[in-house]
Amino acid sequence: MAKLFTHRLRVRYSECDQQGVVFNGHYLFYYDVALTELWREVIGDYASTVEGGDDLVVAEARIRYRLGARFDELLDIEMPITHLGTTSMIVRPVFKVGERLIAEGEVRHVFVDPATHSKKEMPAPVRAALQPYTSAG
């Protein structure tokens, strides 16, 4: 069974719209925060990854909204990795408040050279670090 990384954050008032729920655009920001924390825990400081000649860009993102998270609620972002390819990886984030499913999605990342922005193979140490968090989706 794959490990599951989950990041928790508290919804801030400024992130809510006139309907009193988190504005839809914030979910990708939340995802990015969770990915950074996953990276920090499993691989290390992201800046070190870039300094080492590897970077990760979003190639495709999709979010399906179910319910709205509200001000001051604790939002858990589960980060199952469902694919580690040669040059890409796919994460299917699940956003929950308690047992309430708020949103879910899929984000495909591609590894690139930070100097040229050209696609490159996923570094072996990154693959090895992420492998325990990977399950077939």
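Note: the structure precedes this text.
Here's what I pulled together on the structure shown here.

About the criteria used
- Residues numbered from 1 in each chain as written.
- Predicted model: local features only at pLDDT ≥ 70, side-chain atom pairs only at ≥ 80, totals over all residues.
- Heavy atoms only, no water.
- Helix = DSSP H or I, 4+ residues; strand = E, 2+ residues; numbered from the N terminus.
- Contact = heavy atoms within 4.5 Å.
- Pairing = 2+ DSSP bridges.

Inspection of the secondary structure assignment puts Ser88 in strand 5 (residues 88-91). If we ignore the near neighbours within four places in the chain, the residues touching Ser88 are His83, Arg108, His109, Val110, Phe111 and Met122.

Moving on: the pairing of strand 4 (residues 81-84). Of the pairings in the sheet, the one linking strand 4 to strand 5 comprises three bridges and is antiparallel in character. When the sheet's bridge partners are listed, Leu84 is paired in strand 5 with Met89. Between strand 4 and strand 5, which pair antiparallel one after the other, the connecting turn spans three residues.

Although it is not a glycine, Asp72 adopts a positive phi angle of roughly 75°. Note that Asp72 resides in the loop between strand 2 (55-65) and strand 3 (74-78). Residue His117 is not a glycine yet carries a positive backbone phi of 65°. Residue placement: His117 occurs in the loop between strand 7 (100-112) and helix 3 (124-130).

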